[in-house]
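# Summary of structural features
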Amino acid sequence: MGDDSEWMKLPIDQKCEHKLWKARLNGYEEALKLFQKIDDEKSPEWSKYLGLVKKFVTDSNAVAQLKGLEAALAYVENAHVAGKTTGEVASGVVNKVFNQPKARAKELGLDICLMYIEIEKGEAVQEELLKGLDNKNPKIIVACIETLRKALSEFGSKIISLKPIIKVLPKLFESREKAVRDEAKLLAVEIYRWIRDALRPPLQNINSVQLKELEEEWVKVSSAAPKQTRFLRSQQELKAKFEQQQAVGGDADGGGDDEEEAVPQVDAYELLEAVEILSKLPKDFYEKIEAKKWQERKEALEAVELLVKNPKLEAGDYADLVKVLKKVVGKDTNVMLVALAAKCLAGLAAGLRKKFGQYAGHVVPTILEKFKEKKPQVVQALQEAIDAIFLTTTLQNISEDVLAVMDNKNPTIKQQTSLFIARSFRHCTPSTLPKSLLKPFCAALLKHINDSAPEVRDAGFEALGTALKVAGEKAVNPFLADVDKLKLDRIKECAEKVELVYGKKTGGAAEKKEGKPITGKTPALSGTGGDKETKDAASKPGPLKKAPAVKSGGPPKKGKPAAAAGMGGAGAKGKKGPETKEIFESELSIEVCEEKAAAVLPASCIQQLDSGNWKERLACMEEFQKAVELMERNEMPCQALVRMLAKKPGWKETNFQVMQMKLHIVALIAQKGNFSKTSAQVVLDGLVDKVGDVKCGSNAKEAMTAIAEACQLPWTAEQVVAMAFSQKNPKNQSETLNWLSNAIKEFGFSGLNVKAFISNVKTALAATNPAVRTSAITLLGVMYLYVGPPLRMFFEDEKPALLSQIDAEFEKMQGQTAPAPTRGISRHSGGGGDDGEEEEQEDVGNDVVDLLPRTDIGDKITAELVSKIGDKNWKIRKEGLDEVTSIINDAKFIQPNIGELPAALKSRLNDSNKILVQQTLSILQQLATAMGPNIKQHVKNLGIPVITVLGDSKNNVRAAALATVNAWAEQTGMKEWLEGEDLSEELKKENPFLRQELLGWLAEKLPTLRSVPSDLLLCVPHLYSCLEDRNGDVRKKAQDALPFFMMHLGFEKMAKATGKLKPTSKDQVLAMLEKAKANMPAKPAPPAKASSRVVGGAALAKFQPASALAEDLGSNTMESKPDPKKAKAGGASSKAKQSDVNSGMSKGNTSLSKANTSLSKGSIGLTKNKSIKQGVQGKKVLSKPNLKEDDDKSGPIFIIVPNGKEQRMKDEKGLKVLKWNFTTPRDEYIEQLKTQMSSCVAKWLQDEMFHADFQHHNKALAVMIEHLESEKDGVISCLDLILKWLTLRFFDTNTSVLMKALEYLKLLFNLLSQEEYHLTENEASSFIPYLILKVGEPKDVIRKDVRAILNRMCLIYPASKMFTFIMEGTKSKNSKQRAECLEELGCLVESYGMNVCQPTPGKALKEMATHIGDRDNTVRNAALNTIVTVYNVHGDQVFKLIGNLSEKDMSMLEERIKRSAKRPSAAPVRQAEEKPQRTQNISANASMLRKGPAEDMSSKLNQNRNMGSHSETTHTVPREFQLDLDEIENDNGTVRCEMPALVQHKLDDIFEPVLIPEPKIRAVSPHFDDMHSNTASTINFVISQVASGDINTSIQALAQLFQIESLAREASTGVLKDLMHGLITLMLDSRVEDLEEGEQVIRSVNLLVVKVLEKSDQTNILSALLVLLQDSLLATASSPKFSELVMKCLWRMVRLLPETINSINLDRILLDIHIFMKVFPKEKLKQCKSEFPIRTLKTLLHTLCKLKGPKILDHLTMIDNKNESELEAHLCRVMKHTMDQSGSKADKDTEKGASRIEEKASKAKVNDILAEIFKKIGSKENTKEGLAELYEYKKKYSDADIEPFLKNSSQFFQSYVERGLRLIETEREGKGRIAASTGISPQMEGTCVPASTHTVSSSIGNTNGEEVGPSVYLERLKILRQRCGLDNAKQEDRPPLTSLLSKPAVPTVASSTDMLHSKLSQLRESREQYQHLDLDSNQTHSSGIGTTLASPSSAAANIDDLKKRLERIKSSRK
């Protein structure tokens, strides 16, 4: 027993793994006890056993295994982590437990499986059990079946999915083992319990004996619905409910619910496998079906019939098949074949279900018309077919076709159509049978019940009865108002007999007619409707029906269920409610009227009616009025009374008082009595006659309004307008129209006859009287509110002048909504009224569109046209499409019948010619507008194919498709699109473009819907796969759409749908769902009653989500920039851009800032655009031929693999793959590249890239060029591979490939520099050496291209590193390559200074100098030229650096240098001429805005500047213009007459832009100044300094960066936030103070912070500060000091706001403030220790309000739900406050303004005045005015002290102010004197440049690009010289003239050069001053000033001298 004691000591988990079974047994026992003891399901103890549980169940020892199973069961039941073990444990149970002989083991195994299901792991368990069914061991199979059965009986069919089980059932019945068959039988019975007859079809093919046995068993199954008895952990509340019921002992109350949940659960159709039949059609089917012999046709049809017997068919393109079947049904003479074809159609419809919906519209009319056949078998076949087809579509979609057939003359057709409608109605629910559908059907059926043929009448009654039963009396009765009682009773009788299909399937009439059980089809329609109640309610009176109606999901788009809608007779024709029956009052004779009137009116009244005395008539009227007021409604004889009023003198009454009373009484009678149309006709004529009367007009209008209310506006209006236009009086006409305008606003628009009005309005528009025309236009404006844009189409042929007036009126109405109707709500209908009104409103929109006259273009769509559209030749196809366009254009509005056009257009949507695709799309867009809402029926067959086009690889095609889809959706609503599986099928396609466009579209549309069809759920699985798509855009769009899906489907359904995902995916998706749950928007509320339907586009605009608005904003801003990127897209339409611009504003801003970057890089993009465009066009031609094959090539060509590039680099570093380094590429390199590419390049492209034939390489390059813009991210992620592949192309011999590759490279490097990408070392080293090989190509074109590419490379790869690669190139054997490389080196030094020379300038120069002795002449020359270039840059030092050269080489070099020095300007010019291409590149590099060759040259010289050398490069003046001034000057005035030479030459060249001396700080690098001319390298250099370890260096570098405004503005919010955080933290760091120069550092940082605040993009910095403040207040660790400093920065920003407000993106700032206020509501802020935060916020908001005024409220666009935002409320308060105060303030301001300078005010006031003046001086625009004011002020108050104001400003500003004052003084005291002393020529005085302290560069004019005179530059030079401490030498400081003349005739330039040099050392120290104004070339260029600045070279200082000397020469000659 010794070993026993060993294991006894081990811990439990180790015992369980012990090799001794006893030890294990003991371990299991203890584990079991432990598991039962642990209370906490999340205890860490559980995790110890995660890996062991499987061993518990698979123990090899039977005894131990039993214990192990018990322990495992306890583990699964109690452990939180047990779910992780499901797979392995379940598989262990199946394979190792179910085969055990012990029953107990099996039992435990089964329990463990069920326990896993209980802890929500049902799917995994079911998977393992189904795998077990394939085991060879029958024991295991039996146990698995038993477990499945047990699980189903306990958990029910909701949790155990039956489809996979039913799939394997037939196989189990075939098993050889009886035990398996028996168990299978039990399982089948259990399944039958849950799904009933749905199980029959899948088992119909099993052995007949078994089937019989099963049938017997099934009969015994109790009919009570089965219940779930065991519940999941997540169903605890259900469990409690169930237990409670059990305790009560009955389940009466709960039964209903459960049953509803369970019964419609499984549809047999769902359990079936779909069969693909199209491929199985006989090969010659289409020939046979057209054959002459009917037997052959029959054979063909029988073949189809056999195939369609399959109960479920695979989706496919059945269009052709349906077409031929339809033809047989419609045209075949043999009735037997007609019946057969109908059967085939029925089978297709039943097998395809919703997928057949798209063909339904074509077939329905044909079948209905074929009902003229009398033969019963044909009729039955047709009935079956049309019923089956109905189930695949909706009544809405086929209503047009059905209604068209109902007017057919043939009674059989009428009868069968009515019967079909009756059967269809049975399938409807109140929600699918809305009022808008009932209305036309009832109207048509009412004709049928009055038909002469009895069978037609009966059918009509049945249909109406069914409608009554389905929709309820309340909905149908308004349409039956005119039906007499007998017929109404008959309809009600029919209604009682009807049995509805949706509901319990109790074999209703429909089923019997179907001739086959309906089971499979009904659930599709039944939803989870309240089945039982509907049945019961049917026999009760109407109102009770509300309940079921509401329950079944509510109608789709309406606010209230149709059934609940009232029957208010509010308007539309034919909708008179029963209460208005007495409208049909017969006309009474005058005698009868007198009798009736006498009964109610006083006798005196009647006698005086026609008295001759007006006073008596007036008295009579007063009595009449009193009598009317007292009458009861039902006693009032309206017609009699109005006839009395009309009695002589009637409406010809001459006294206006009597007339007014009379009209008033008419109004009273109409209001108080039951006023009929008959009575109305008596008075209307008189009213219209008086409406234009000045005194009685208003009373007449009042009476007309009252009549309109009694008789409904549509009728009244029609009468009134007709009467008005039948008479001549224009006043009456115009007033009638005015009345109508108001009436429409009061009554609403429903039921008005637009057509009638329009003809009258046209008459009015043609009237000569302007008042009539004006009234007509006003009326049109009111109608526009209701009808929308279609109204204009009626008036397009009016005169242009009139049309423009109409348009102006419409423009006014734009954006307004129609007012809510206030009248016309019928008084009698009591409670029902308001409902009715809402309904009416909703109908309006459709009514208006229905009223437009529509043309039938069916006959124009000829077979010839259709064949044209399908022609092989694209030109003919285009002709066909053009014809269609013109047909639609001519018709304007068309009827839905468009013949064969849909099929023809559909095939064009995948035309290989993209232009035709776009044309088709625009036709479809037209079609939508022309057809209006009727386009609905084409959604399935034409709309969905348009969605497929969204997957096109071309941006513009996608944009066109999107526009088309939107145009359609606007007409159809979204329901048609979301119904059925079509949309989910589209989403299933793995095309990234399609997915991102479709998801984007759904994300835009779903939020606007109030309900969606349940089919949306089908899209969810594909949405989930999009969330994990390889393409980033798809993922983003999917994430955006997620909350909107959830808004409609609910979180639970969405979460449940994740069940089918892989575990890893599932977790990710669930996390996203949780996130989306937080962002889930609320469903849009039902529209308010008033404008319950805005006609036209207004409604869409209202719902547009914020993102969509932002998108528009973004795109507009983008388009206004001349963005080089855009041009490159080669005409990609701006629409397409829109979708890329941004999906939300946040992205928008980044894209905008990018746009700016590319601008500041201006020239690079601009110079190259032309070539790009050509490239793009070129490639288009190339890719034409292969478009046919391109069809499968949609989708991105580069797939972004996260971290793919980094991984490849690691592999190369770790030598896992070959390093890309070879002299010629070997096969293994190519293979390696191929495998690396396979994961991230589209397969088809890769095949092209590695094809043996060079033409395929060309194709690949063309495709890559095409996709370059659209797939930037993809290109960058695969850049290393692309460059490697291109190096392989360098070794090809084919020139065309090489040229194409170089073209691609140019575009690629352009793109990379725009994207600010930097090449990695790996990319550079595997590409540049091979590119340099090509620089030695014999062909010039190629060499030129390679040089251009090398140049562009410097923008994305440091020039100094390029240098080493090119240096290597000089060692080549190819002399051309050596020469070119040397030249390239020279250019690099010239552009970037000596800094590029690596490893050191000395070594590099020695290396170059060795080539001076090369045997090849070009190489020698190149080497010499390069060294001369270095000499020009670096001066004499070059000789030191070169070291010893052989005598011969040295002499050559010296000679060359001398030659270049002799003609200092000519050398560079010549050099430039030799290589003109080089200049352009350099200037591009230096990011100059090129404006022509002259500037090119100067920019070239810019780079030639030298700091410490004596080889001067002066400004390039063409040689012949160089004057030898000394000689001229020494020629003491002997006047020579002949001076033609001078006259001929333009001296302007001397005044070319002045090269201004530029102060330099001593940079850290010795070569900094030399290289400073090039932007990119400078920035690189400065950035490298920012990262320096030395704090001073890095602060200095940062200051330099923020010095340059264009750079400073690039900093994004994030960067600024981090930077400010860093700087403030540094200022607060106590350790800094301990440093010896600590204070200095803090001061520098402080200055830097100020600079950052002033120079950065104001929006970004404000945003950053707000976020920073928020973070610092949130962080507990953050010091209060930190927040305080952040707030101080904010205050500073607030102070700057008045100047910067216009450049700020307020929307973004307000969004940030909104977020801040959300995180810190007012209460929370008030709790802060300091009150500063709340004050800061208030100050900021207050300032913004003050500056922007009420407009500020328009900037809240980015805030999602403004109403919840505190911000809006706060802004409103501030606005109100400022408004209240502003009145008084304004007065004060004016006084103050008047007396500002006069009154000698208190100190404070003086300060204010001065502050104001200095502000003016500081601003660009008012500087002169400011100086003048200051001068005045000083003159007036000589004692005023302006010192304090000057003290704070810079030295430069002070001297500027002083000089300005001096100038004004001299100006005012008499001009002329100053000219001589200051050396400024008189015409320059006024141009003293107002340079603000911020930037001189931007204040100097010439932003318009006009020539700037030399004076400006001179002045600028003067300011600069003064600022830099160079003297603007006054006369006395200068050497006297004589001494100048006596000097020898050397170039006088030297003197000023020496002076300059002496100053340079001073300059370097004057850092502080320099900080105020760095006139670096970058800044100047970025400010857009077309000047060229250069370094302080000698030439710069000399212009001044030269000018003066010229002056002197001139004067001495006079």
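Residues numbered from 1 in each chain as written. Predicted model: local features only at pLDDT ≥ 70, side-chain atom pairs only at ≥ 80, totals over all residues. Heavy atoms only, no water.

### Re the overall build of the protein chain
Short version of the rule: The helix and strand labels rest on DSSP assignments: H or I over at least four residues marks a helix, E over at least two residues marks a strand, and numbering proceeds from the N terminus. Each residue is assigned to one of three classes by its accessible area relative to the maximum for its type, calculated with a 1.4 Å probe on protein chains only: buried under 20%, partly exposed between the two thresholds, exposed over 50%. Whether two residues touch is decided by their heavy atoms; if any such pair falls within 4.5 Å, the residues are in contact. With residues, only the protein chains shown are counted as cover, and all accessible areas are computed by Shrake-Rupley using a 1.4 Å probe.
Helix and strand content of the protein chain: 108 helices and 0 strands. Taken across its 2014 residues, the protein chain has 53% of its residues classed as buried. For the protein chain, the proportion of contacts with a sequence separation of at least 24, taken over those separated by at least 6, is 75%. When the accessible surface of the protein chain is split by element, carbon and sulfur atoms take 53% of a total near 90500 Å².

### Let's talk about the packing of helix α90 (residues 1638–1655) against helix α92 (residues 1680–1700)
The condition that has to hold: Interaxial angles span 0 to 180 degrees and are taken between N-to-C directions of axes, which are lines fitted to C-alpha atoms, for helices over the stretch in contact. Should an angle lie under 35 degrees it is considered roughly parallel, over 145 roughly antiparallel, and from 65 to 115 roughly perpendicular; all remaining angles are considered oblique. Should the near helix be turned anticlockwise from the far one by less than a right angle, the crossing is left-handed, and should it be turned clockwise, the crossing is right-handed. We call Asp, Glu, Lys and Arg charged. Ala, Val, Leu, Ile, Met, Phe, Trp, Tyr, Cys and Pro are nonpolar, and the rest, Gly among them, are polar.
For the pair α90 and α92, the least separation of the axes is 10 Å and the interaxial angle reads 40°. As judged from the angle between their axes, α90 and α92 are oblique. Seen from above, α90 lies across α92 with right-handed handedness. Mapping the contact onto sequence places V1649, V1650, L1653 and E1654 in α90 and C1689, R1692, M1693 and L1696 in α92. The residue inventory of the contact of α90 with α92, partitioned by class, reads 6 nonpolar, no polar and 2 charged.

### Looking at the packing of aromatic side chains
Under the convention used in this document: Note on aromatic contacts: the rings of Phe and Tyr and the six-membered ring of Trp form a pair at centre separations within 6.5 Å, being stacked when their planes are under 30 degrees apart, edge-to-face when over 60 apart, and tilted otherwise. The rule is short: NZ of Lys or CZ of Arg within 6 Å of the ring centre and within 35 degrees of the ring normal puts a charge over the ring.
Inspection of every chain in the model, using the stated rule, returns 28 aromatic pairs. One residue, K662, lies across the ring of W651, its end atom 6.0 Å from the ring centre. The ring of F656 carries K695 above its face, with NZ or CZ at 4.5 Å from the centroid.

### Digging into the environment of K1746
Looking at the element boundaries, K1746 is found in helix α95 (residues 1732–1748). What makes K1746 exposed here is its relative accessible area of 57%. Note: C-alpha distance between K1746 and T1778 (32 residues apart in sequence) is 7.5 Å.

### Thoughts on the side chain of H1257
Following the sequence through the fold, H1257 ends up in helix α66 (residues 1254–1268). Judged by its relative accessible area of 5%, H1257 falls in the buried class. Not counting residues within four places of it along the chain, the set of residues in contact with H1257 comprises E1248, M1249, F1250, H1251, W1285, R1289, D1292 and V1297.

### Digging into helix α34 (residues 614–630)
Convention followed: In this analysis, the expected span of each helix is defined as 1.5 Å times one less than the number of residues it contains. By the criterion applied in these results, polar contacts are pairs of N or O atoms within 3.5 Å in which, for protein atoms, one can donate a hydrogen and the other can accept it, and in which residues neighboring in sequence qualify only through two side-chain atoms.
In this model α34 runs 25 Å from its N-terminal to its C-terminal C-alpha over 17 residues, within 8% of the 24 Å that 1.5 Å per residue would give. By the N-cap criterion, in which a side-chain oxygen at the helix start approaches the backbone nitrogen of a residue two or three places on, α34 is capped by N613, the distance to K615 being 2.8 Å.

### Considering the pattern of salt bridges
Put simply, the rule is: Just to be clear on terms, a salt bridge is a Lys or Arg side-chain nitrogen sitting within 4 Å of an Asp or Glu carboxyl oxygen.
Under the definition given, this model contains 74 salt bridges. Linking R24 and D59 is a salt bridge whose minimum nitrogen-to-oxygen distance equals 2.8 Å. Of this pair, R24 sits in helix α3 (residues 21–37) while D59 sits in the loop between α5 (53–57) and α6 (62–78); the two residues are 35 residues apart in sequence, bridging distant segments of the chain. Its relative accessible area of 13% is what places R24 among the buried residues.

### Observations regarding unusual backbone geometry
At the junction of Q1398 and P1399, the peptide bond is cis and its omega measures out at -10° in the coordinates. Here P1399 lies in the loop between α74 (1375–1392) and α75 (1401–1409). For E120, which is not glycine, the phi dihedral falls at a positive 70°. In this fold, E120 is placed in helix α8 (residues 103–132). Since its relative accessible area comes to 37%, E120 is described here as partly exposed. Non-glycine residue Q712 carries a positive phi angle of around 75°. Residue position: Q712 is located in the loop between α38 (697–711) and α39 (713–726).

### Re the side chain of D1657
The line we're drawing: Think of it this way: Lys and Arg go in the positive column, Asp and Glu in the negative one, and His and the chain ends go nowhere.
Along the chain, D1657 turns up in the loop between α90 and α91 (1658–1674). Summary of buried charges: D1657 has no salt-bridge partner, and the nearest side chain of opposite charge, R1609, is 4.6 Å away. Contact partners of D1657, with chain neighbours within four places excluded, come to A1608 and R1609.

### Regarding the packing of helix α88 (residues 1613–1628) against α91
Helix packing for two helices is described by the angle between their axes and how far apart those axes are. Relative to each other, α88 and α91 sit at 55°, their axes nearing to 8 Å. Taken together, α88 and α91 sit at an angle that is classed as oblique. Once α88 is placed against α91, the crossing between them reads as right-handed. Of the residues in α91, those in contact with T1613, L1616, K1617, M1620 and H1621 of α88 are N1660, I1661, S1663, A1664, L1665, V1667, L1668 and D1671.

### Describing the confidence of the model for the protein chain
Here is the rule we go by: Predictor confidence is given residue by residue as pLDDT, running from a minimum of 0 to a maximum of 100.
Taken as a whole, the protein chain shows an average pLDDT of 75; of its residues, 75% reach a score of 70 or greater. Below pLDDT 50 for its whole length, residues 503–582 participates in 141 contacts with residues either more than four positions away or in separate chains. In the model, residues 1533–1537 has pLDDT below 50 throughout and makes 3 contacts with residues more than four positions away in sequence or in other chains.

### Some details on the state of the cysteines
Note on terminology: a disulfide is the covalent bond linking the sulfur atoms of two cysteines. Heads up, the rule is: The definition used for a disulfide is geometric: two cysteine sulfur atoms within 2.5 Å.
Within this structure, the stated rule accounts for 0 disulfides. Free cysteine C144: the closest other cysteine sulfur is in C113, separated by 7.7 Å. Overall, C144 belongs to the buried group, its relative accessible area being 0%. C1354 forms no disulfide, and the closest cysteine sulfur to it belongs to C1387, at a distance of 9.9 Å. Note on C1354: relative accessible area 3%, which makes it buried.

### Section: the nonpolar core
As a reminder of what qualifies: Residue types Ala, Val, Leu, Ile, Met, Phe, Trp, Tyr and Cys, when buried and joined through side-chain atoms within 4.5 Å, form a set referred to as a nonpolar core.
Counting residues in hydrophobic clusters, the biggest one holds 93 residues, and the most contacted among them are L1245, W1285, Y1304, L1305 and F1363. The leading source of residues in this core is helix α69 (residues 1295–1314), at 11 residues. Ignoring any residue separated from it by four or fewer positions in sequence, one finds Y1304 in contact with L1261, M1264, I1265, L1268, V1275, I1282 and L1286. In this structure, F675, V721, V754 and L780 belong to the second largest nonpolar core, which totals 92 residues.

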